[in-house]
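Observations on the model geometry
Spelled out from the first residue to the last, the chains are:
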Amino acid sequence: MSRLATRLLLLLIAALPLGTAPARADSDNERARQALERGEIRPLDAVLAAARAAVPGDVVALDLKRDDGHWLYKLRILGQDGRRRDVKIDASSLKLLDVDDDD
């Protein structure tokens, strides 16, 4: 795993709320791990490479969601021009689904 991928994973873990939420977080992490093992989602390094190829810049946030039966990676990228963009990528095919400027 790349240094950036490791940093993002640690950032996601650190952002988890305290209290009763860790049980859900553990469940979410387990679902994501199983999806990766089944080949339903691609590894984080591949997702980051696809995101940077589509929208150059630094990934500052990342989330994995299940939407209508499909896994999606949602990323926030700080572009080289200083603009933030929200990017959605299909977690299986790495197809770019949407790019929104965060005005």
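What counts and how
- Every chain is numbered independently, its residues counted from 1 as its sequence is written.
- Residue-level local features of this predicted model are given only where pLDDT is at least 70; pairs of side-chain atoms are given and counted only at 80 or more, and the full residue set underlies all totals for whole chains, interfaces and linings.
- Processing note: side-chain calculations cover all non-hydrogen atoms of the structure and skip hydrogens and water entirely.
- Helix numbering and strand numbering both begin at the N terminus, where a helix is a DSSP run of H or I of at least 4 residues and a strand a DSSP run of E of at least 2.
- Think of it in three bands: with a 1.4 Å probe and only protein chains considered, a residue is buried below 20% of the maximum accessible area for its type, exposed above 50%, and partly exposed in between.
- Any pair of residues with heavy atoms lying within 4.5 Å of one another is described as a contacting pair.
- Note on areas: Shrake-Rupley with a 1.4 Å probe; residue coverage comes only from the protein chains shown.
- In short, DSSP must find at least two bridges between two strands for them to pair.
- To define axes, lines are fitted to C-alpha atoms, for helices over the stretch in contact only, and angles between the resulting N-to-C directions are given on a 0 to 180 degree scale.

**Examining the overall build of the chain**
Each helix and strand in the chain was counted, giving three helices and four strands. Counting from the amino terminus, the chain carries its helices and strands in the arrangement α-α-α-β-β-β-β. Residues counted as buried form 25% of the 103 residues belonging to the chain. In the chain, the share of contacts with a sequence separation of at least 24, taken over all contacts with a separation of at least 6, comes to 35%. Working note: accessible area of the chain is about 6,700 Å², and carbon and sulfur atoms make up 52% of it.

**A short note on the sheet that holds strand S2 (residues 70-79)**
Taken in spatial order, the four strands of this open sheet run S1-S2-S3-S4, and their pairing is antiparallel. Of all strands in the sheet, those bounded by a partner on one side alone are strand S1 (57-67) and strand S4 (96-101). If you compare each strand with its neighbour and ignore which way they point, the axes differ by 20 degrees on average. Summarising the sheet, strand S3 (residues 84-90) and S4 pair through five bridges and their orientation is antiparallel. By the bridge assignment for S4, valine 87 is matched with valine 99. Across the sheet, helix H3 (residues 44-54) lies against S1, S2, S3 and S4, angled at about 50 degrees from S2, the strand it touches most.

**Some points on the pairing of S3**
Relative to S3, S2 is paired through seven bridges, and the arrangement is antiparallel. Its bridge partner being in S3, tyrosine 73 is matched across the sheet by isoleucine 89. Hairpin geometry of S2 and S3 is characterised by an intervening segment of four residues between the two adjacent antiparallel strands and by a positive phi of about 90 degrees at glycine 82. The turn linking S3 back onto S4 is made up of five residues, and leucine 94 within it adopts a positive phi angle of 65 degrees.

**As for unusual backbone geometry**
Here the phi dihedral of aspartate 68 falls at roughly 50 degrees; this positive angle occurs in a residue that is not glycine. Within the secondary structure layout, aspartate 68 lies in the loop between S1 and S2. Residue leucine 94 is not a glycine yet carries a positive backbone phi of 65 degrees. As for its placement among the helices and strands, leucine 94 is situated in the loop between S3 and S4.

Interpretation note: all reported values are geometric properties and have no functional meaning in isolation.
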